[in-house]
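# Residue-level structure breakdown
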Amino acid sequence: MLMLFILVSFPDARFYIDPHTYEDPCQAVHEFAREIEASRIKIEKIIGSGEFGEVCYGRMRLPGKRDIPVALKTLKAGYTEKQKRDFLAEASIMAQFDHPNVIRLEGVVTQSKPAMIITEYMENGSLDSFLRRHDGQFTIIQLVGLLRGIAAGMTYLSDLGYIHRDLAARNILVNSNLVCKVSDFGLSRVLEDDPDAAYTTSGGKIPIRWTAPEAIAYRKFSSSSDVWSYGVVMWEVTSYGERPYWNLTNRDVIKSVEEGYRLPAPMGCPGPLHTLMLDCWQKDRNERPRFCQIVTVLDKLIRNPENLKSMDTLCSLNSPSLMERAIPDFSSCNSVNEWLDTIKMGRYKDHFAAGGYQTLGHVISMNQGDIQRLGVTLMGHQKKIMTSVQLMRAQVLNKSVPSVHV
Ligand code: AMP
């Protein structure tokens, strides 16, 4: 009845169909996805491991076309019927999507073993490890470009009525053109597979650090709870793959968020981006922006990059208790090398030694020019080091931290 109402009222509206409403998963998958003959596939190497088996890189030959690089997810031998159903469910979901920021399904192999899900190949792998490999190496505009893509993909998915429930940098893939695509469309796997998921008191398994309070408390998942997770992805991106809430326990994360604390702006993160994150983390889900509004805000920032220049780092001074726990206490660092390791800038140890910076006492008097003169050329690294120097100085002087202008 509801569907009839929707179809009559919004004839152009398209909704995604939950494959679990089909009794036979093979029927569901063939409703949406094309079967590919195994002989068209050449597996070349293993690139990862998924819940159901290995993930491989390979090439797919299509009649009359050049072969194309693909990623292949395999279903390992000895699977149960439920595993097969869940494995194929992801393909059935993916097959319904068609958007440049959502991973594209090429097809499935179900008529021979092993069963495979074939998707476009994403050269740079998952976003979290990609960012960690390139710590500090992108401009803010490039980072906003990545985020814009994710928000566009999520706008498309939420318009189709699809709720992701596990939006996190580890579930975004990056191709060679730095285009981000939303991936990981399992349903039950969201609750069972994710290493970051933990059991809640209500019995569900949820990736606590990425999940909105109402979804943790009473499993109220919605596009608005996806927006909360998107805010956490923004934070992951602007901190180059830092773990949200660092080493706080899940219990402390839930408690801190409940008490109103929010993740501070990562070092060098422009104020408007942190403001957008805070909007995504509004307690009242109706107050959070919608994905299409997020795209609009990011587009404006990309068009007017001067708005991204205000380096209101550490704007989180209004949440001191989380800050105290979160930001490294530099008093525990005994040497310049230890400090550089703490801020993940260990690669500059020789530069500091050659520049004569032997003690932290020397370091805290450094300015931006001094850092450049040491030969730190990457802007992101200069900012990271400078912000840390300022923070150390503030900790030593035991006074509030100034904002950084670089
Ligand atoms: P998943 O089971 O989807 O989490 O995949 C496991 C890992 O395989 C991911 O973390 C990626 O590193 C890699 N992977 C999955 N799909 C692709 C793809 N389409 N292109 C490149 N790498 C992929």
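Residues numbered from 1 in each chain as written. Predicted model: local features only at pLDDT ≥ 70, side-chain atom pairs only at ≥ 80, totals over all residues. Heavy atoms only, no water.

- As annotated in an unreviewed UniProt entry, the chain is Ephrin type-A receptor 8 from Perca flavescens.
- One UniProt comment on the chain, placed under Catalytic activity (unreviewed entry), says "L-tyrosyl-[protein] + ATP = O-phospho-L-tyrosyl-[protein] + ADP + H(+)". (UniProt positions renumbered as here; feature names shortened; annotations may be inferred.)

### Here we look at the overall build of the chain
- Helix and strand content of the chain: 17 helices and nine strands.
- By the burial criterion, 52% of the 406 residues in the chain qualify as buried.
- Put simply, of all contacts in the chain between residues at least 6 apart along the chain, 63% involve residues at least 24 apart.
- Per element, the accessible surface of the chain, about 19000 Å² overall, is 52% carbon and sulfur. (Helix = DSSP H or I, 4+ residues; strand = E, 2+ residues; numbered from the N terminus. Buried < 20%, exposed > 50% of the residue type's maximum accessible area, 1.4 Å probe, protein only. Contact = heavy atoms within 4.5 Å. Areas by Shrake-Rupley, 256 points an atom, 1.4 Å probe, with all protein chains shown as cover.)

### Focus on unusual backbone geometry
- Following Lys-113, the chain continues into Pro-114 via a peptide bond in cis, with omega recorded as 0°.
- Phi is positive for Asp-184, which is not a glycine, with a value near 65°.
- Relative to the helices and strands, Asp-184 resides in the loop between strand E7 (180-182) and helix H6 (188-192).
- You can call Asp-184 buried: its relative accessible area is 14%.

### Quick word on the side chain of Asp-128
- Structurally, the position occupied by Asp-128 is in helix H4 (residues 127-133).
- Among the residues examined, Asp-128 registers a relative accessible area of 12% and is labelled buried.
- In contact with Asp-128, other than residues within four places in its own chain, are Ala-169, Arg-170 and Gly-241.

### Structural notes on the packing of aromatic side chains
- Summed over the entire model, instances satisfying the criterion amount to 15 aromatic pairs.
- Between Phe-352 and Tyr-357, the ring centres sit 6.1 Å apart and the planes meet at 65°, which makes this aromatic pair edge-to-face. Each member of the pair, Phe-352 as well as Tyr-357, is classed as buried.
- Pairwise contacts between aromatic rings join Tyr-16, Phe-97, Tyr-156, Tyr-162 and Phe-185 into one cluster.
- The ring of Tyr-57 has Lys-45 sitting right over it, with the charged end atom 5.6 Å from the ring centre.
- For Arg-170, the ring lying beneath its charged end belongs to Trp-210, and the centroid distance is 4.1 Å. (Phe/Tyr/Trp six-rings, centres within 6.5 Å; stacked < 30°, edge-to-face > 60°. Lys NZ or Arg CZ within 6 Å of the ring centre and 35° of its normal.)

### As for the environment of Ile-140
- With respect to the element layout, Ile-140 can be found in helix H5 (residues 140-159).
- Residues Ile-140 and Leu-273, 133 residues apart in the sequence, show an inter-C-alpha distance of 9.9 Å.

### Looking at the site of the ligand
- Of all residues adjacent to the ligand, which total 14 residues, the nearest are Lys-73, Thr-119, Glu-120, Met-122 and Asp-184.
- Between the ligand and Thr-119 there is a distance of 3.2 Å, counted from a nitrogen atom to a side-chain nitrogen or oxygen.
- Here Met-122 contributes a backbone N or O atom positioned 2.9 Å from a nitrogen atom of the ligand.
- With the chains in place, 82% of the 470 Å² that the ligand exposes on its own is no longer accessible.
- Residue assignment for the shell around the ligand shows that the elements contributing at least two residues are strand E1 (41-49), strand E3 (68-74) and strand E5 (116-120).
- Its residues placed into classes, the shell around the ligand shows seven nonpolar, four polar and three charged. (Near = heavy atom within 4 Å. Polar contact = N/O pair within 3.5 Å; in protein donor to acceptor, adjacent residues only side chain to side chain. Nonpolar A, V, L, I, M, F, W, Y, C, P; charged D, E, K, R; others polar.)

### Some remarks on the sheet that holds strand E4 (residues 105-109)
- The strand order E1-E2-E3-E5-E4 describes an open sheet built from five strands, whose pairing is antiparallel. One side of each edge strand has no neighbouring strand; the edge strands of this open sheet are E1 and E4. Averaged over all pairs of adjacent strands, the angle between strand axes in this sheet comes to 25°, irrespective of strand direction.
- Along the sheet, helix H3 (residues 81-94) makes contact with E3, E4 and E5, crossing E5 at roughly 35°. (Pairing = 2+ DSSP bridges. Axes fitted to C-alpha atoms, helices over the stretch in contact; angles between N-to-C directions.)

### Side note on the packing of H5 against helix H11 (residues 291-303)
- Where H5 meets H11, the axes come as close as 8 Å, and the angle between the chain directions of the two elements is 155°. When the interaxial angle is binned, H5 and H11 end up roughly antiparallel. For the pair H5 and H11, the crossing hand works out as left-handed. For the pair formed by H5 and H11, the contact residues are Ile-141, Val-144, Gly-145, Leu-147, Arg-148, Ala-151, Ala-152, Met-154, Thr-155 and Ser-158 on the first element and Phe-291, Cys-292, Ile-294, Val-295, Leu-298, Asp-299, Leu-301 and Ile-302 on the second.
- When its residues are assigned to classes, the contact of H5 with H11 shows 13 nonpolar, three polar and two charged. (Parallel < 35°, antiparallel > 145°, perpendicular 65-115°, else oblique. Left-handed = near helix turned anticlockwise from the far one by under 90°.)

### Focus on the pattern of salt bridges
- For the structure on display, the rule yields 17 salt bridges.
- We note a salt bridge from Lys-42 to Glu-44, for which the minimum N-O separation is 3.4 Å.
- Its relative accessible area of 53% is what places Lys-42 among the exposed residues.
- Between Glu-258 and Lys-283 there is a salt bridge; the shortest N-O distance is 3.3 Å. In this pair, Glu-258 is assigned in helix H9 (residues 250-258) and Lys-283 in the loop between helix H10 (271-280) and H11, connecting sequence segments 25 residues apart.
- Connected via shared salt-bridge partners are Arg-34, Arg-104, Glu-106, Glu-120 and Lys-181. (Salt bridge = Lys/Arg side-chain N within 4 Å of Asp/Glu carboxyl O.)

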